[in-house]
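Coordinate inspection notes
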Amino acid sequence: MNTIWQGRLDGEELLYHRIFQRVKEENNYDFISTKDFVLHGFAVDEGIKRNKGRQGAKDAPDLIRKNMANFPVIRPDFALLDFGNITCEDGKLEDTQYKLAKNVSKVLLKGGKSVVLGGGHEVTYAHYIGVKTAFPEQKIGIINIDAHFDNRKPEDGVGASSGTGFWQIAQEGDINSLHIGIQRNSNTLKLFNTAHQYKMKYILADELFFENLPSVYQRINDLLDSVDYVYLTVCMDVFNASIAPGVSASAYNGIFADAAFMHFYRHILKSDKLLALDVAEVNPAYDIQDRTARLAATLINEWFIV
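Now for a quick tour of the structure. Just so it is clear, the structure is predicted and the values come from calculations on it, not from any experiment.

Turning our eyes to something else, we now look at the sheet that holds strand β3 (residues 80-87). Reading across the sheet, the nine strands line up as β1-β3-β2-β4-β9-β8-β5-β6-β7 and stay open at both edges, with parallel pairing between neighbours. If you trace the sheet from one side to the other, it starts and ends with β1 (23-25) and β7 (201-204), each paired once. The mean angle between the axes of side-by-side strands here comes to 20°, regardless of whether they run parallel or antiparallel. Helix α2 (residues 60-68) rests against β2 (37-43), β3, β4 (113-118) and β9 (274-280) of the sheet, and its axis sits at about 120° to β4. Each of β2, β3, β4 and β9 is contacted by helix α3 (residues 93-109), which is oriented at about 175° to β2, the strand it contacts most.

Let us look at the pattern of salt bridges. Enumeration over the complete set of coordinates arrives at twelve salt bridges. With its nearest N and O atoms 2.9 Å apart, the salt bridge here joins Asp62 to Arg65. Remark: Arg65 and Asp62 occur in helix α2; sequence separation between them is three residues, near one turn of the helix. Note that Arg219 and Glu207 form a salt bridge whose closest N and O atoms lie 2.7 Å from each other. Of this pair, Arg219 sits in helix α7 (residues 213-225) while Glu207 sits in the loop between β7 and α7, placing them twelve residues apart in sequence. For Glu207, a relative accessible area of 22% corresponds to the partly exposed category.

Burial analysis of strand β6 (residues 176-182) places seven of its seven residues in the buried class, which makes it a mostly covered element. In terms of strand pairing, strand β5 (residues 140-145) meets β6 through five bridges, oriented parallel. Paired with Gly141 across the strands is Asn176, a residue of β6. Chirality of the crossover, the property in question, places the unit of β5, helix α5 (residues 165-171) and β6 among those that are right-handed. The pairing of β6 with β7 spans four bridges and is classified as parallel. Within β7, the residue paired with Leu178 across the bridge is Lys201. Crossover connection from β6 via helix α6 (residues 189-197) to parallel β7: handedness right-handed.

Cut-off values and rules
- Residues numbered from 1 in each chain as written.
- Predicted model: local features only at pLDDT ≥ 70, side-chain atom pairs only at ≥ 80, totals over all residues.
- Heavy atoms only, no water.
- Pairing = 2+ DSSP bridges.
- Helix = DSSP H or I, 4+ residues; strand = E, 2+ residues; numbered from the N terminus.
- Axes fitted to C-alpha atoms, helices over the stretch in contact; angles between N-to-C directions.
- Contact = heavy atoms within 4.5 Å.
- Salt bridge = Lys/Arg side-chain N within 4 Å of Asp/Glu carboxyl O.
- Buried < 20%, exposed > 50% of the residue type's maximum accessible area, 1.4 Å probe, protein only.
- Right-handed = clockwise from strand over helix to strand, strands pointing away.

Pasting the structure below:
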């Protein structure tokens with residue numbers, strides 16, 4: 001009996017369904033249908049270890065699944081295929097990233113929508129490469145909701161980490177990214193300079209308030225209009241420690257999942273160009289009452305219902 005995908009059983013009729021009743025555990029990518037949501041767990045925090053962060057995010061995917069399971073199904077045609085977890089063997093992060101990328105590309109080429117549960121934010125490079133592999137001739141946009149740019153150059157002898165994803169992506173060619181929630185006290189001037197060097201657009205956390213939504217929408221729309229497809233990644237350390245205590249690098253002055261946030265977040269989710277979504281940096285070892293895992297699950301579920 002599956003101990004993860006369980007919830008309240010109100011009935012077997014479609015009107016009663018919750019997510020756990022519509023999940024199919026799968027291992028054959030040939031069975032993916034157009035518009036299926038396809039889930040991978042990225043049970044990895046080797047990149048956090050290399051980045052000198054608090055380890056534990058590798059244990060998050062199954063906890064997020066448990067917190068997703070009981071949400072009601074809103075779309076009659078909703079289907080979720082779960083391909084299980086990818087783990088990092090013997091610290092070989094790069095091999096693990098390319099394994100996820102390969103699987104994501106299979107999903108997208110079948111017409112599915114890719115959902116990944118992290119794990120550390122080293123998932124970003126892997127998920128992006130999966131999208132780019134599927135659509136090498138298309139212009140891919142990335143929206144990163146995060147307190148950090150994650151554009152640090154890999155250290156010699158250390159390699160890729162949870163903080164290097166956008167630097168790595170920039171080395172692949174032109175990068176089309178918008179970073180929302182950036183904190184001035186979480187990024188050095190060098191990281192801001194790198195963002196400017198590679199023309200990474202950003203919106204500071206201080207700019208995310210209701211009266212400023214027209215400006216936020218405009219900058220999101222500028223990115224959406226300039227690309228063919230979009231990948232959205234959410235690092236949970238963008239949120240205030242009171243609602244997301246279980247992260248690798250907590251933020252006392254992080255943003256809240258308030259009305260202003262949900263307005264622009266759902267706006268992104270409604271885009272027909274959105275192909276891939278992940279949440280990263282949930283750390284169960286530091287979570288309180290599953291607050292962070294529950295918030296991460298809610299953010300994923302929003303894509304299922306918009």
